[in-house]
Amino acid sequence: MRNIYKDVKISVKVLDFVIIAGITALAAIIAMQF
Amino acid sequence: MGKKSRFRLGNFGDVPQGERREQLREFLINNALYIFLVIVIIAIAIYRPRFVSPGSIVNIISLSAANLPIALGIAGAIILTGTDLSAGRAVGACACVAASLLQAAGYANKMFPFLPTLPVFVVILIVIAIGALIGAVNGFCTAKFNLHPFIVTLATQLIIYGGLLMYLTLGTNNGQSISGLDASYTNFINGSFLKIGSSAIPNFVWYSLGITVIMWFVWNKTAFGKNMFAVGSNSAAAHVSGVNVTRTIILVFTLAGALYGVTGFIEGARIGSNSAATGLNYELDAIAACVIGGVSFVGGIGKIRGVIMGVVLLRIIFVGLTFLSVNQNLQYIIKGLIILIACAIDMRKYLVRK
């Protein structure tokens, strides 16, 4: 049970990274248009 | 994730500071895309004030309304943990059929010169029937053969495209685009009785709103709607509970197909000149709008207001990018990134719930 919790926690951290990186990339692309 | 929240609305003093920070972080991450898009919209409105002019707002409302029925159809497929790649081609086929049956009587390049201009309501029923048939085929293959909707709709997408190319060679058309539409059709769709400033709101906006109300009722107040969410959440549990899973899947796809028919009918007059390329990639925008609006790919989750918000947000962003004169190629990259972020947030919410 503990391993599943740990795996899910790591997956959430990876997704957090993807979300933040994606938003940053989007912000950079759109900011360059101004 | 298993932590019991001690947060009570209006009583912040009871919440430890660490937990408050964690809740704020969760809120920011889960709503990151909405917050970002709102900031971009505000920035564009400040940088280009014409973006919030009455004409621009009416344009955004019109484009959103044109895409809303197809998004509502695809949302049903996504709630069933599927997708529908044939939506765009179905819209294109229905648009071409509607246009071919509603060309002006005296038009020189009329596709079927022997055919009188049919009543608008007859053609609406015809294209809805065509769309529903396409949806029924998708649903039947998915439910009966246990194939993934991705594969089924990929196949039907190609079949529809081939069929449409053959249809466009019928009569006197020879593969050309279909235009010269009858005034009864164009007035029915593009006519207007209400204006914002000097910009007229086309009639199809009201038709889309009416369809949205009907779909809200279907999703939330009918047994069929509840069955759809049950099958999407857990089809095995739904089956054990007495839900006819096969019939539900077929009906969801059939309803989606009918909505593609309506979208095609609207697009036929809105665009004015229809060809085999009509409807190309419409499903991508619709899927993106659904995901942004919170319709979950893990199934069983979605709200009508979410679909509306997703469609409107996406349309606002792309009209805004046009105002910024962003390269059309770059818009594809931006669209892809938005979909990626929306999917990541959706999966994150699912994992946190687990």
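All figures in this text were calculated on a predicted structure; none of them were measured in a lab.

The next thing to look at is the overall build of chain B. A count of helices and strands for chain B gives 14 helices and two strands. Computed over the C-alpha atoms, the radius of gyration of chain B is 22 Å, within 12% of the 20 Å expected from 2.2 N^0.38 for a compact globule of 354 residues. The dimensions of chain B, computed from C-alpha atoms along their principal axes, are 80 × 55 × 35 Å. Expressed as a percentage of contacts within chain B between residues at least 6 apart in sequence, the contacts between residues at least 24 apart total 74%.

Residues and elements named next belong to chain B. Ranked by size, the top nonpolar core spans 114 residues in total, and within it Leu-33, Phe-51, Ile-74, Trp-219, Phe-265, Val-307 and Ile-338 carry the most contacts. Per element, the largest residue contribution to this core is 13 residues, and it comes from helix 3 (residues 54–79). Contact partners of Phe-51, with chain neighbours within four places excluded, come to Ile-41, Ile-44, Ala-45, Ser-56, Ile-60, Ile-316, Val-319, Gly-320 and Phe-323.

Moving on, we get to helix 13 (residues 304–323) of chain B. Residues and elements named next belong to chain B. In a regular helix each residue adds 1.5 Å, so 20 residues correspond to 28 Å; helix 13 covers 29 Å between its end C-alpha atoms and thus fits that length. Burial analysis of helix 13 places 15 of its 20 residues in the buried class, the great majority of the element. Within two residues after helix 13, Ser-325 carries a phi angle of roughly 55°, on the positive side.

All names here are of chain B. Summed over the entire model, instances satisfying the criterion amount to two cavities of 30 Å³ or more. By volume, the largest cavity amounts to about 50 Å³. Residue assignment for the lining of the largest cavity shows that the elements contributing at least two residues are helix 3, helix 12 (282–292) and helix 13. The element best represented in the lining of the largest cavity is helix 12, accounting for four residues. Of the residues contributing to the lining of the largest cavity, the split by class is six nonpolar, one polar and two charged. Estimates place the volume of the second largest cavity at around 50 Å³.

Residues and elements named next belong to chain B. Scanning the entire structure with this criterion turns up 10 aromatic pairs over all chains. On the basis of an interplanar angle of 55° and a centroid distance of 6.0 Å, the ring pair of Phe-112 and Phe-114 is categorised as tilted. Judged by its relative accessible area of 68%, Phe-114 falls in the exposed class. On the numbers, 6.3 Å between centres and 70° between planes, the contact of Phe-188 with Phe-265 is edge-to-face. Placement of the pair is Phe-188 in helix 7 (residues 183–190) and Phe-265 in helix 11 (residues 245–271), with a sequence separation of 77 residues. Taken together, the aromatic side chains of Phe-121, Tyr-185, Phe-188, Tyr-207 and Phe-265 make up a single cluster linked through ring pairs. The positively charged end of Arg-89 is found above the aromatic ring belonging to Tyr-161, 3.8 Å away from the centroid.

Turning our attention to unusual backbone geometry. Residue and element names in this part refer to chain B. Residue Thr-81 is not a glycine yet carries a positive backbone phi of 60°. Structurally, Thr-81 can be placed in the loop between helix 3 and helix 4 (87–101). According to the relative accessible area criterion, Thr-81 is partly exposed, its value standing at 35%. Even without being a glycine, Asn-281 presents a positive backbone phi close to 65°.

For the rest of this paragraph, the subject is the environment of Ile-30 of chain A. Assignment of secondary structure puts Ile-30 of chain A in helix 1 (residues 2–31). Judged by its relative accessible area of 4%, Ile-30 of chain A is buried. Measuring from C-alpha to C-alpha, the distance between Ile-30 of chain A and Val-8 of chain A comes to 32 Å, with 22 residues separating the pair along the chain. Ignoring sequence-local partners within four residues, the contact set of Ile-30 of chain A consists of Phe-36, Val-40, Leu-321 and Ile-334 of chain B.

This part covers the interface of chain A and chain B. One widely used convention gives an interface's size as the accessible area the parts lose upon coming together. Contact residues are listed per partner, giving 19 residues for chain A and 26 residues for chain B. Both faces considered, chain A and chain B share a buried interface measuring about 2100 Å² in area, 88% of it formed by carbon and sulfur atoms. The tally of links from chain A across to chain B stands at two salt bridges. At the junction of chain A and chain B, the tally comes to two residue pairs in polar contact (both at pLDDT 80 or more). Classifying every residue of the side of chain A that touches chain B by side-chain character gives 14 nonpolar, three polar and two charged.

What follows concerns the pairing of strand 2 (residues 199–202) of chain B. Residues and elements named next belong to chain B. Where strand 1 (residues 192–196) lies against strand 2, four bridges are found, and the strand directions are antiparallel. For Ile-196, the partnering residue across the bridge sits in strand 2 and is Ser-199. Counting the residues between successive antiparallel strands, the hairpin from strand 1 to strand 2 contains two residues, one of them, Gly-197, with a positive phi of roughly 65°.

Residues and elements named next belong to chain B. Where helix 4 meets helix 11, the axes come as close as 7 Å, and the angle between the chain directions of the two elements is 55°. Overall, the two elements helix 4 and helix 11 adopt an arrangement that is oblique. Viewed along their axes, helix 4 and helix 11 form a crossing whose handedness is right-handed. Every residue of helix 11 that contacts helix 4 at Ala-87, Ala-90, Val-91, Cys-94, Ala-95 and Ala-98 is listed here: Tyr-260, Gly-261, Thr-263, Gly-264, Phe-265, Glu-267 and Gly-268. Tallied by class, residues from the contact of helix 4 with helix 11 come to eight nonpolar, four polar and one charged.

The rules behind these values
- Residues numbered from 1 in each chain as written.
- Chains lettered and ligands numbered in written order.
- Predicted model: local features only at pLDDT ≥ 70, side-chain atom pairs only at ≥ 80, totals over all residues.
- Heavy atoms only, no water.
- Helix = DSSP H or I, 4+ residues; strand = E, 2+ residues; numbered from the N terminus.
- Rg over C-alpha atoms; globule rule 2.2 N^0.38 Å.
- Contact = heavy atoms within 4.5 Å.
- Core = buried A, V, L, I, M, F, W, Y, C linked by side-chain atoms within 4.5 Å.
- Buried < 20%, exposed > 50% of the residue type's maximum accessible area, 1.4 Å probe, protein only.
- Expected span 1.5 Å × (residues − 1).
- 1 Å grid on protein atoms, 1.4 Å probe; cavity = no way out; pocket = protein on both sides within 12 Å on 5 of 7 lines; lining within 4 Å.
- Points joined across faces, edges and corners; volume = space filled by probe spheres on them.
- Nonpolar A, V, L, I, M, F, W, Y, C, P; charged D, E, K, R; others polar.
- Phe/Tyr/Trp six-rings, centres within 6.5 Å; stacked < 30°, edge-to-face > 60°.
- Lys NZ or Arg CZ within 6 Å of the ring centre and 35° of its normal.
- Buried area = accessible area lost by both parts, 1.4 Å probe.
- Salt bridge = Lys/Arg side-chain N within 4 Å of Asp/Glu carboxyl O.
- Polar contact = N/O pair within 3.5 Å; in protein donor to acceptor, adjacent residues only side chain to side chain.
- Pairing = 2+ DSSP bridges.
- Axes fitted to C-alpha atoms, helices over the stretch in contact; angles between N-to-C directions.
- Parallel < 35°, antiparallel > 145°, perpendicular 65-115°, else oblique.
- Left-handed = near helix turned anticlockwise from the far one by under 90°.

Treat this as a map of the structure, not an account of what it does.
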